[in-house]
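Structural characterization, general
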Number of protein chains: 2
Amino acid sequence: MRARDLLADFPTVGLDSPVIDAARMLADQDLPGIIVVGDDGTPFTILPGTEVLRLAVPAYCQDDPALARVVDEAHADTFLNALDRRTVREALPKRQRELPITDPDATVLELAALMARTRSPLVAIVGDGRLQGAVTLQALLDRMLAA
Amino acid sequence: MRARDLLADFPTVGLDSPVIDAARMLADQDLPGIIVVGDDGTPFTILPGTEVLRLAVPAYCQDDPALARVVDEAHADTFLNALDRRTVREALPKRQRELPITDPDATVLELAALMARTRSPLVAIVGDGRLQGAVTLQALLDRMLAA
C-alpha cells in the first residue's frame, strides 16, 4: 500500500485567488485543507483548514485572546468583509515550514508521520513533476483501520 | 452570535479508552478531532485529528522522514496493531499546550483566533463547570461565510 493507492483528486486554488474563495471552497466541499498551486500547477504550499482560517483573522487578534474577546459582537461577525479583495498570496504566512508533500511511493507509515509532523490532515502527492492528487487523514485512517 | 449559538453535541473519549477506539471514532464519524474527558466529565485535552494520528505513529518515525521511508511496506501497513492495548492516557504527549477550550460567550472572532492559534479545527465549549458541546471549523466557516 503506497500513496499512489490512496490518493484522490483534490481541488486547488491559485496564489492570486481571493482568500474568501479559498475559505468558501473549504466550507462548501468540507475539505480538511487547501492546496495552493503556483503558475506551473505544482503545489506552492498546503494550508490545513486552521491555516485558511488564520488568513481571515486580523493579525492583532491572532495571539491575544483578550483582544479577540473585547471586539464588539457586530464587528466580530463581519470581520471577513475586509478580506474581499485580499489574495491568498498576500495573506500567506512569511515563514516557510516543512510542507506536507511527498511522492507516490510513500508508505502508509510515511504518510502518517508526515501528517503528524506537519499537523496537516492533507498531504499533496507530486510525481513526474506534477500534482497527482492528495491523501487525506480520513482516507489514511480508513485504510489503516481496515487493515 | 456567540459560541452558544454555534455549538453542537460532540462525542468524547475517556483517558482510559484504547487509542484504537479514538482513531476508529474519528474515522467512522468523520470528526475533525477528539475531546478527551477526565473522570469528572470535563475536557482533559482536545486532540486535532493529526494529533490522534500521532498517537498511532511509532516515536522513532515521527521526526525522521528517512526512517519512515525505509520501514518495509508490510510492516508499515500493520503498525497500528501494536496499539491494541494502549490507552489514550498512555499515548498523550507529555507537554501541555494551550487548549482550544472556551466558554459559551466567546465571539465568532474569538473562536476563529483560538482555532488558528492552537491549530485545532475543534473548540470545546465549557460552561457551568461542564462540557456544553463543541464548535467545529466547518460550523464556524459556514456561519462566517453566510454573514
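Just above, that's the structure.
This one's a predicted model, so the numbers in the text were calculated from it and none came from an experiment.

On a plain count of helices and strands, chain A comes out with nine helices and six strands. Across the 147 residues of chain A, 56% fall into the buried class. Taking as baseline every contact in chain A between residues at least 6 positions apart, the subset at least 24 positions apart corresponds to 53%. Accessible surface, chain A as shown: approximately 6400 Å² in total, 49% of it carbon and sulfur.

All names here are of chain B. Spatially, the three strands line up as an open sheet ordered 4-5-6, and their pairing is mixed. Strand pairing shows two members of the sheet lacking a second neighbour, strand 4 (101-102) and strand 6 (130-136), which therefore form its edges. Across two bridges, the pairing between strand 4 and strand 5 (residues 122-127) is parallel. Note on strand 5: the bridge partner recorded for isoleucine 101 is alanine 124.

Our focus in this paragraph is empty space enclosed by the protein. Evaluated as defined, the whole model comprises one cavity of 30 Å³ or more. Its volume calculated, the largest cavity comes out at about 30 Å³. Taken together, Pro48(A), Thr50(A), Glu51(A), Arg97(A), Thr118(A), Arg119(A) and Arg119(B) make up the full set of residues lining the largest cavity. Of the residues in the lining of the largest cavity, the class split is one nonpolar, two polar and four charged.

Let's shift gears to the relation of the copies chain B and chain A. For the pair chain B and chain A, the superposition axis carries a translation of 0.0 Å, the fit reaches an RMSD of 0.0 Å, and the rotation angle comes to 180 degrees. Classification of the inter-copy transformation places it as that of a two-fold axis. The residues that chain B uses at the interface reappear at the interface of chain A in 100% of cases, marking a shared surface.

A cluster of nonpolar side chains, namely Tyr60(A), Leu67(A) and Val70(A), defines an oily patch on the protein surface of about 290 Å² accessible area. Residue position: Leu67(A) is located in helix 5 (residues 65-70).

Thresholds applied
Residues numbered from 1 in each chain as written. Chains lettered and ligands numbered in written order. Predicted model: local features only at pLDDT ≥ 70, side-chain atom pairs only at ≥ 80, totals over all residues. Heavy atoms only, no water. Helix = DSSP H or I, 4+ residues; strand = E, 2+ residues; numbered from the N terminus. Buried < 20%, exposed > 50% of the residue type's maximum accessible area, 1.4 Å probe, protein only. Contact = heavy atoms within 4.5 Å. Areas by Shrake-Rupley, 256 points an atom, 1.4 Å probe, with all protein chains shown as cover. Pairing = 2+ DSSP bridges. 1 Å grid on protein atoms, 1.4 Å probe; cavity = no way out; pocket = protein on both sides within 12 Å on 5 of 7 lines; lining within 4 Å. Points joined across faces, edges and corners; volume = space filled by probe spheres on them. Nonpolar A, V, L, I, M, F, W, Y, C, P; charged D, E, K, R; others polar. Least-squares fit on C-alpha atoms with pLDDT ≥ 70 in both. Patch = residues over 30% accessible without salt bridge, like charges linked within 9 Å, V, L, I, M, F, W, Y side chains within 5 Å. Salt bridge = Lys/Arg side-chain N within 4 Å of Asp/Glu carboxyl O.

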